[in-house]
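Observations on the model geometry
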Amino acid sequence: MRFEVMRLDDVDGTPVDTTVVDAASVNRIVQQAAAMGQRLWIRPADTPAL
């Protein structure tokens, strides 16, 4: 499964940048963000219809 990870602005919470990663990478990204005090929004990435 793939997830969209958005880094949020510290002041107003608007998305600053977005990346799509696999499930295995989400934990690493969350740990890095926590260490730096960043706010994230994580949601399942849209998958194309087959």
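See the structure above.
Each value, and the rule that gives it
Residues numbered from 1 in each chain as written. Predicted model: local features only at pLDDT ≥ 70, side-chain atom pairs only at ≥ 80, totals over all residues. Heavy atoms only, no water. Salt bridge = Lys/Arg side-chain N within 4 Å of Asp/Glu carboxyl O. Helix = DSSP H or I, 4+ residues; strand = E, 2+ residues; numbered from the N terminus. Buried < 20%, exposed > 50% of the residue type's maximum accessible area, 1.4 Å probe, protein only.

1. Topic: the pattern of salt bridges
All chains considered together, the criterion is met by two salt bridges. One salt bridge connects Glu4 with Arg43, and the closest N-O pair in it is separated by 2.8 Å. With Glu4 in strand E1 (residues 2–8) and Arg43 in strand E3 (residues 39–44), this residue pair connects regions lying 39 residues apart in the sequence. Judged by relative accessible area, which is 17%, Glu4 ranks as buried. In this structure, the salt-bridge partner of Arg7 is Asp17, at a minimum N-O distance of 2.7 Å. In this pair, Arg7 is assigned in strand E1 and Asp17 in strand E2 (residues 15–22), connecting sequence segments 10 residues apart. Under the relative-accessibility criterion, Asp17 is labelled partly exposed at 35%.

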